[in-house]
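Analysis of the macromolecular model
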Amino acid sequence: MTPQADDQVICIIGAGYVGLVTAAGLAEAGRQVKVVEVDADRRAAVAAGISPIFEPGLDELLSAVVASGHLRAVETMSAGVAGAGIVIVAVGTPPTHDGEADLSQVRQAVDQALGEVAPGAVIAIKSTVPPGTTRALARGSSRKDVAFVMFPEFLREGSALEDLRHPSRVVVGGEDMAAVRRVAALLGGPDTTRLLCDSVSAELVKYGSNAFLATKISFINEMAQLCELTGADIEHVADGMGLDPRIGRSFLSAGLGWGGSCFPKDVRALETSAGYHGQSFWLLKAAIEVNSQQRRRFTAKLLQGLGGSLEGRRVAILGLAFKPFTDDMRQAPALEVVRQLEDLGAIVVATDPVALARARPLLPGTSLVDDPYDAVTGADAVGLVTEWPVYRELDWGRVFAQMRGRLVVDGRNCLDSRAITGRGGIYVSMGRRTRGLPETTPGSASEAATASVPPVPLG
Ligand code: UGA
């Protein structure tokens, strides 16, 4: 006999980043969670309580919830959905060649789940999908006894468990309000703000949030350019703007721009999706272009600082992951920067505290080393790409003793410029004054150099 749908039993399809973190968090909160994962290695890791991804605290939590029996990794859909009241779809929606979200994994997961799921269960789409997808899945479903909702996720890599335990908001959208409420009860406590709405709005909350934050970053990056041209300091400008509570200081850190598995994919998908509805979302097109330009501007600063040629010059790159506290290399700015530097003839030696294993297959010709002091040995210039705290604490006296040159380009405006110039270095940033050089016209030289770096497409 098919077991009844029970909301204490949750099935999560996909042990990727979102699926795994959500599974661990719900298991910690006392639900019985089953994760359906087709990849045998990944499934074995989860079953052993070992996280296949780097996320602070996840290893400890996984081993605890596996040991307590609250989380199980299963192979088949029938084992996963048996008795589940809520089935969460957390599979990938990678970009197609023209920027659309590829929904094939979502469709396959939903089809398989529908064949096995108990009557009265809810299918919650957690994968990021274009507006109208959840409604179309519901309309096309042969199982009218199964409701569909959109359940966008707002986890940030590096602080995902904290975000899950204390969500700033829970958004659930769907046409069946009872189903929406059941899913909304999964996360947060009595004080959590919950927005219950239709599924298309929930889909656009997710895209809109990521696209807005990405645009905010591109805006401050344009301001950083203007700071260079006018002699202002972007950190003061961002601090001052951020003091307005309507603006806020977060996501106003100028630098190499946004990467990762979400912003680049989601901004493009929203822009493409708007295009299908006849809208040219100009703001997003500009945000994408500014973001790509930031990588070229960083490369140009190294080129300019080394006298206009990188041929045979040694450049140490500090940080490869798309942001600190993750080993995620998806759409990492470092990949574009290293490619540009190597195209211009530089010899790149790169380092990262945790991402080297993931970076190796993506940067096959680049020398990757564990120790930052090894990376800088013999270097003509250092370029900081990811603001890992360990790089802020470098002993610049020791760095310059090992380097051949003195140039430091800070792609995240996170280093102490005085510590660098105090040891005889030249400090170049993204929107702050260059230090350690005789005064020049701010910005003009690096603007000229930007033009000489070939555009490198996102993707
Ligand atoms: C992002 C969103 O912040 C999450 O809310 C969302 O759930 C997630 O995408 C998702 O869709 O799954 P995440 O990709 O982990 O989370 O990274 P963020 O912390 O948002 O950073 C994105 C990028 O922007 C990084 O490359 C970061 O270096 C860059 N960034 C961030 C800046 O360049 N400047 C800033 O001020 C902030």
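As a starting point, this report considers the structure included with it. (Residues numbered from 1 in each chain as written. Predicted model: local features only at pLDDT ≥ 70, side-chain atom pairs only at ≥ 80, totals over all residues. Heavy atoms only, no water.)

What follows deals with the pattern of salt bridges. If you walk through the whole model with that rule in mind, you get 22 salt bridges. Of the charged contacts in the structure, one is a salt bridge between R143 and D145, with a shortest N-O distance of 2.9 Å. A residue is classified by how much of its surface remains accessible, and R143, at 18% relative accessible area, is buried. A residue is classified by how much of its surface remains accessible, and D145, at 34% relative accessible area, is partly exposed. Note that E228 is salt-bridged to K301, the shortest N-O span being 2.7 Å. Separated by 73 residues along the polypeptide, E228 in helix α9 (residues 199–230) and K301 in helix α12 (residues 282–305) bring together distant segments of the chain. Judged by its relative accessible area of 8%, E228 is buried. When salt bridges that share partners are traced, they join E157, D328 and R330 into one network. (Salt bridge = Lys/Arg side-chain N within 4 Å of Asp/Glu carboxyl O. Buried < 20%, exposed > 50% of the residue type's maximum accessible area, 1.4 Å probe, protein only. Helix = DSSP H or I, 4+ residues; strand = E, 2+ residues; numbered from the N terminus.)

Ranked by size, the top nonpolar core spans 54 residues in total, and within it F298, I317, L320 and L341 carry the most contacts. If one sorts the elements of this core by residue count, helix α13 (residues 333–343) sits on top with five residues. When sequence neighbours within four positions are dropped, the list of residues in contact with F298 reads L256, I317, V337, G383, L384, V385, V409, D410, G411 and M430. The next biggest cluster of nonpolar side chains, apart from the first, holds 43 residues, and it includes V36, I125, A211 and A287. (Core = buried A, V, L, I, M, F, W, Y, C linked by side-chain atoms within 4.5 Å. Contact = heavy atoms within 4.5 Å.)

Let's shift gears to the sheet that holds strand β13 (residues 407–410). The parallel open sheet is built from six strands, whose spatial order is β11-β10-β9-β12-β13-β14. Two strands in the sheet have a free side with no partner beyond their single neighbour: β11 (367–369) and β14 (426–428). Between one strand axis and the next, the sheet turns through 20° on average, direction left out of account. The pairing of strand β9 (residues 314–318) with strand β12 (residues 381–384) spans four bridges and is classified as parallel. By the bridge assignment, I317 is partnered in β12 with G383. The strands touched by α12 within the sheet are β9, β12, β13 and β14, with β13 carrying the most contacts at an inclination of about 165°. This element, α13, spans β9 and β10 (347–351) of the sheet and lies at about 180° to β9. (Pairing = 2+ DSSP bridges. Axes fitted to C-alpha atoms, helices over the stretch in contact; angles between N-to-C directions.)

At a minimum axis distance of 9 Å, the contact between α9 and helix α11 (residues 263–276) shows a crossing angle of 110°. Relative to α11, α9 is oriented roughly perpendicular. Where α9 crosses over α11, the two elements pack in a sense that is left-handed. Contacts between α9 and α11 involve L204, K206, Y207, G208, N210, A211, L213, A214 and I217 on the former and, on the latter, F263, D266, V267, A269 and L270. Residue classes in the contact of α9 with α11 are distributed as ten nonpolar, two polar and two charged. (Parallel < 35°, antiparallel > 145°, perpendicular 65-115°, else oblique. Left-handed = near helix turned anticlockwise from the far one by under 90°. Nonpolar A, V, L, I, M, F, W, Y, C, P; charged D, E, K, R; others polar.)

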